[in-house]
Amino acid sequence: MTARLDALTSWHADWRGLRVVVLGLSVTGFAAADTLAELRADVLVATERADEEYARLLPVIGARLHEGSLAEVPDAVRAHRPDVVIASPGFPPHHPVIRWAAEDGIPLWGDIELAWRVRDKVLRPDGRPAEWLLITGTNGKTTTTQLTATMLVAGGLRAAPCGNIGVPVLDAVRDPAGFDVLVVELSSHQLWYLGRADPAGQPSPAASVCLNLADDHLEWHGSARAYRDAKAVVYRNTRIACVYNKADLATREMVEDAEVVEGCRAIGFDLGVPGPSDLGVVDGILVDRAFHEDRRTAAWELATVADLAERDLAAPHVVANILAASALARSQGVEPVAIRDALMTFRLDPHRIEVVARAAGITWIDDSKATNPHAAGSSLAAFPGSVWVVGGQLKGVDISDLVADRGTGVKAAIVIGAERSAVVAAFARHAPAVPLFEVIATETEDVMARVVELAVGVAADGDVVLLAPAAASFDQFASYADRGRRFAAAVHEHFGRGDGDHDTAGPHADGRA
């Protein structure tokens, strides 16, 4: 069977009758099942809970469904005798079915490996599959993926953001319209599975980047080292440019350790003056020296910080993301003027340092997407002295370092979350002088109303109230987006009562579309 799997490196290979178990039936699991069914493989999908629409479609596409507990390996899965198991990224290494497959020597693929193997279904006019650009990092992945795709399109290339951003790579490679470049956001979960791939299933991207590294998802990976090792897989087999964060030693070490294609360059970025193989900032101007023909004595101007500030893109961590995206786009030949044009039209997604209102002299910012300490630290650096709304599901990560580093500089802290003791203890230990308020509301609909009441009581003219929780949302909210929406709604509701001068014309009160 190993020889057969090694031969499955094309859409046009013989996939008929291959016995596959697909674990999970979310958007990724269904894309895998749909792809394999189209290839005439024998597909069984195993999931604890099936979305009604996906469950209805499975028999239509020719796949079967087992729905029920996966606390033990189901008899239906064993009876299928899979040649390969393809797991949705939510299945951690310690999951019973994943352990069973590994112990029985059954190959474990993720959706990214499958997509790489069948990437030649739709070809470019020159007969080649789309190039891949790979993006990971603890924070900033989605923004950088969107930025890169926008820059590529501005440069005249057909490009699509996909992967962990929401559109499965398997859907992108099967899109009959075809693309020149796929910009693939990868989570650490997807990279863990990719790290297990045999050479036949390992992507060889044109360029790749790990934006930054900080502890996250430790409950999934089991340790910080395992998380770091998964992220490092992004650089493997890169052909043109390994882009790394000069301000984050871990990313440079990943590049130094990576097995890349001969001739691949290391391209650095940070907010300082760039060296000859870097992108950086000089006197408020974003510049590229790495891809200039005379890079030792000259540089290309990409944008100014002042221009970015007019579009709410000047926060330091956003500028860093812009430089990383620019490096990826430049690796594909996109001209500096196209990058500048792309930035003039780009908008951050909701819940990413989004100004939801300016009311009573206070700026209210929703950065609910800051679901770990590293992301929250970036927000606090961009808005020092703010009233900080913090707390939630910490995902096994210690928040103490963040409080010691950034918490001492906030005007006040408002702590949310079903379990607040770790955050409260961190402030007592590292920032005891900071006024601290706990939101003890137990009903989801009451939490943000209380947050706003407390914030209004402490914030003054010119202050910022910053929702940057440094934690996941699932203890009290449906998602980080739900948390952000409820925060914005509570602000609008409070000031809609006429409690002072305000601009609460909707979720984009700063004028963003």
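For the structure itself, look to the data block above.
Quick caveat: nothing in here was measured; it's all calculated off a predicted structure. (Residues numbered from 1 in each chain as written. Predicted model: local features only at pLDDT ≥ 70, side-chain atom pairs only at ≥ 80, totals over all residues. Heavy atoms only, no water.)

*Asks:* Outline helix α16 (residues 373–382), supporting the account with residue identities and numerical values.
*Replies:* Most of α16 is tucked away, with seven of its ten residues classed as buried. Buried residues in α16 make contact with α14 (316–331), β17 (387–390), α17 (400–405) and β20 (464–467). Structurally, the start of α16 carries an N-cap: the backbone nitrogen of H374 is 3.2 Å from a side-chain oxygen of N372. (Buried < 20%, exposed > 50% of the residue type's maximum accessible area, 1.4 Å probe, protein only. Helix = DSSP H or I, 4+ residues; strand = E, 2+ residues; numbered from the N terminus. Contact = heavy atoms within 4.5 Å. Polar contact = N/O pair within 3.5 Å; in protein donor to acceptor, adjacent residues only side chain to side chain.)

*Asks:* Go over the sheet that holds strand β12 (residues 278–282), please, and point to the residues and values.
*Replies:* Here nine strands make up an open sheet; going across it, the order is β7-β8-β6-β9-β10-β11-β12-β13-β14 and the pairing mixed. For this open sheet the edge positions go to β7 (159–163) and β14 (300–304), each flanked by a neighbour on one side alone. Averaged over neighbouring strand pairs, the angle between their axes works out to 20 degrees when direction is ignored. Pairing between strand β9 (residues 207–210) and strand β10 (residues 241–245): four bridges, direction parallel. (Pairing = 2+ DSSP bridges. Axes fitted to C-alpha atoms, helices over the stretch in contact; angles between N-to-C directions.)

*Asks:* Requested: an account of the sheet that holds strand β4 (residues 84–87), with residues and values cited.
*Replies:* Read across the sheet, five strands follow the order β3-β2-β1-β4-β5 without closing on themselves; strand pairing throughout is parallel. Two strands lie at the open edges of the sheet, namely β3 (64–67) and β5 (108–109), each paired on one side alone. Bridging between strand β1 (residues 19–23) and β4 involves four bridges; their strand directions are parallel. Its bridge partner being in β4, L23 is matched across the sheet by A87.

*Asks:* Which residues make up the packing of aromatic side chains, and what are the values?
*Replies:* The geometry of an aromatic ring pair is captured by two quantities: the separation of the ring centres and the angle between the planes. This model, assessed by the stated rule, comprises nine aromatic pairs. Ring geometry for F30 versus Y54: centroids 4.8 Å apart, planes at 15 degrees, classification stacked. Taken together, the residues span a long stretch of sequence, with F30 in helix α2 (residues 27–38) and Y54 in helix α3 (residues 52–61) at a distance of 24 residues. For the pair formed by F30 and Y54, the shared burial category is buried. The rings of W192, Y193 and W220 are connected pair by pair, giving a single aromatic cluster. Above the face of the W116 ring, R119 is positioned so that its terminal group lies 3.7 Å from the ring centre. Residue placement shows K121 over the ring face of W11; its charged tip is 5.0 Å from the ring centre. (Phe/Tyr/Trp six-rings, centres within 6.5 Å; stacked < 30°, edge-to-face > 60°. Lys NZ or Arg CZ within 6 Å of the ring centre and 35° of its normal.)

*Asks:* Describe the state of the cysteines, listing the residues and the values that go with them.
*Replies:* Across all of its chains, the model carries zero disulfides by this definition. C162 takes part in no disulfide bond, and the closest cysteine sulfur, belonging to C210, lies 18 Å away. Assessed through its relative accessible area of 0%, C162 is described here as buried. Take C210: it sits in no disulfide, and the sulfur closest to it among the cysteines is that of C242, at 11 Å. (Disulfide = S-S within 2.5 Å.)

*Asks:* Break down the environment of I165 for me, with residues and values.
*Replies:* In this fold, I165 is placed in the loop between β7 and α8 (169–173). Accessibility expressed as a relative area gives 24% for I165, which makes it partly exposed. For the pair I165 and S187, spaced 22 residues apart in sequence, the C-alpha to C-alpha distance is 9.2 Å. Beyond its immediate stretch of four places on either side in the chain, I165 contacts T142, T145, Q146 and E185.

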